[in-house]
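# Residue-level structural notes
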Amino acid sequence: PPRALTTEEIQSIIARFVKTSEILYEAGFDGVELHAAHGYLISQFLNPRSNERTHDQYGGSLENRARFLTEIVEGIKRVTPKEFSIGVKLNSVDFGRRRQGGGVSGGAAAGPEGEEVDEDLEEAVKVAVMLEELGVDFIEISGGSYESFAAGLLDGKGVPGGSTNGDKTKKPNAAASSTQKREAHFAVFAERISRALKTTKVILTGGFVSASAMTDSLKPTSPNNGTHIDMVGLGRTICQEPDLPNQILSGAVTGAVRLPKTPGGFFDDVFICG
């Protein structure tokens, strides 16, 4: 069974993050991205459901839960030059207040096992602002964890219309804007976080298949509202088609080949891509 890390162990892990980043800089890498999502260790510190520490400065308040992440960033900043880029992959669902309930109403979205997830995201925004103040160059918005992935990822629901059905020479039918919105699973979260950021770039990852949905995600939902999705992240689509970005930019295709869903859903997809 898991146990809480000691303060000394936490400091040792932070030092290893920092040393690894320093080695990567010396090896010629342009930057690093810290994985603070999907239930990995940094995410476990941020998430109030998994971080039950009460005895030290790494648990309790949001500032304390974020300390593990911020101290890693500060450490990397000390040993690398300014031009060495630091990014953070941040979960969109680690911070919403959970409450048991039946149906979903108001600003709540469906969560695991009938829970409701409050989409206020005040804490996620605060962490994003903390990272910007530390000089983080980009924040990549994703969601879910190995324990509970966001709705629609496991069963393949919400796949937008306008499919090319694997024929890359055929232009898809135009999908409704609401349908294309669902292609970007975490667009709402990314837009809310981006409104609070001035210099840090925002990358939106998760569910992109068509070039039109990727393009639409880069457009503000309304003029002068402060949203700025600056980049699109692609994962599984790049595993099956490594040259997809060049193909889209050249106009050769209008999106990725849509493969049949595997019996095991999202987990099988990830296993095959790996």
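Just so you know, these numbers come straight off a predicted model, no measurement behind them.

## Some words on the pairing of strand β1 (residues 31-36)
The side chains of a regular strand alternate, residue by residue, between the two faces of the sheet. Burial of β1 is one-sided: the residues V32, L34 and A36 facing one way are buried, the residues G31, E33 and H35 facing the other way are not. Direction of pairing for β1 relative to strand β2 (residues 85-91): parallel, over a ladder of six bridges. Residue pairing for β2: H35 is matched across the bridge by K89.

## Brief notes about the sheet that holds strand β6 (residues 138-142)
Spatially, five strands are ordered β1-β2-β6-β7-β8 in an open sheet, and the strand pairing comes out parallel. The sheet terminates laterally at β1 and β8 (231-233), the two strands that pair on one side only. Looking at each pair of strands side by side, their axes are set apart by 25° on average, direction ignored. Two elements, β2 and β6, share five bridges in a ladder whose sense is parallel. Paired with N91 across the strands is S142, a residue of β6.

## A few points about the nonpolar core
Membership of the largest hydrophobic core comes to 50 residues, with the highest contact counts inside it found for F68 and L69. Not counting residues up to four positions away in its chain, the partners in contact with F68 are I10, I13, I14, F17, L41, I42, F45 and Y58.

## A word on the packing of helix α1 (residues 7-26) against helix α4 (residues 67-79)
The N-to-C vectors of α1 and α4 enclose an angle of 40°; their axes lie 9 Å apart at closest approach. On the basis of their axis angle, the class for α1 and α4 is oblique. By crossing handedness, the relation of α1 to α4 is classed as right-handed. Note on element contacts: α4 touches α1 through F68, E71, I72, G75, I76 and V79, opposite I10, Q11, I13, I14, F17, V18, S21 and E22. Considering only residue class, the contact of α1 with α4 consists of nine nonpolar, three polar and two charged.

## What to know about the pattern of salt bridges
Scanning the entire structure with this criterion turns up seven salt bridges. Between E22 and K19 there is a salt bridge, and its shortest N-O distance comes to 3.5 Å. In this pair, E22 and K19 are both assigned in helix α1, three residues apart and thus about one turn of the helix distant. Since its relative accessible area comes to 47%, K19 is described here as partly exposed. For K219, the salt bridge goes to D216, with nearest N and O atoms at 3.4 Å. Look at D216 and you get partly exposed, because its relative accessible area is 35%.

## A word on the environment of M231
Checked against the element boundaries, M231 lands in strand β8. Accessibility expressed as a relative area gives 44% for M231, which makes it partly exposed. Residues M231 and S217 lie 14 residues apart in sequence; the distance between their C-alpha atoms is 8.8 Å. Setting aside its immediate chain neighbours within four residues, M231 contacts V202, I203, L204 and L218.

## Focus on the state of the cysteines
Going through the model one piece at a time under the given rule, you end up with zero disulfides. Cysteine C239 shares no disulfide, and the gap to the nearest cysteine sulfur, in C273, comes to 4.2 Å. We classify C239 as partly exposed; its relative accessible area is 45%.

## Some thoughts on the side chain of S142
Of note, S142 is situated in strand β6. Accessibility expressed as a relative area gives 5% for S142, which makes it buried. In this structure the side chain of S142 is engaged in a polar contact, spanning 2.9 Å, whose partner is the side chain of H38. Sequence-distant contacts of S142, that is, excluding residues within four places in its chain, are made with H38, K89, L90, N91, S92, F186 and T205.

Cut-offs used in this document
- Residues numbered from 1 in each chain as written.
- Predicted model: local features only at pLDDT ≥ 70, side-chain atom pairs only at ≥ 80, totals over all residues.
- Heavy atoms only, no water.
- Buried < 20%, exposed > 50% of the residue type's maximum accessible area, 1.4 Å probe, protein only.
- Helix = DSSP H or I, 4+ residues; strand = E, 2+ residues; numbered from the N terminus.
- Pairing = 2+ DSSP bridges.
- Axes fitted to C-alpha atoms, helices over the stretch in contact; angles between N-to-C directions.
- Core = buried A, V, L, I, M, F, W, Y, C linked by side-chain atoms within 4.5 Å.
- Contact = heavy atoms within 4.5 Å.
- Parallel < 35°, antiparallel > 145°, perpendicular 65-115°, else oblique.
- Left-handed = near helix turned anticlockwise from the far one by under 90°.
- Nonpolar A, V, L, I, M, F, W, Y, C, P; charged D, E, K, R; others polar.
- Salt bridge = Lys/Arg side-chain N within 4 Å of Asp/Glu carboxyl O.
- Disulfide = S-S within 2.5 Å.
- Polar contact = N/O pair within 3.5 Å; in protein donor to acceptor, adjacent residues only side chain to side chain.

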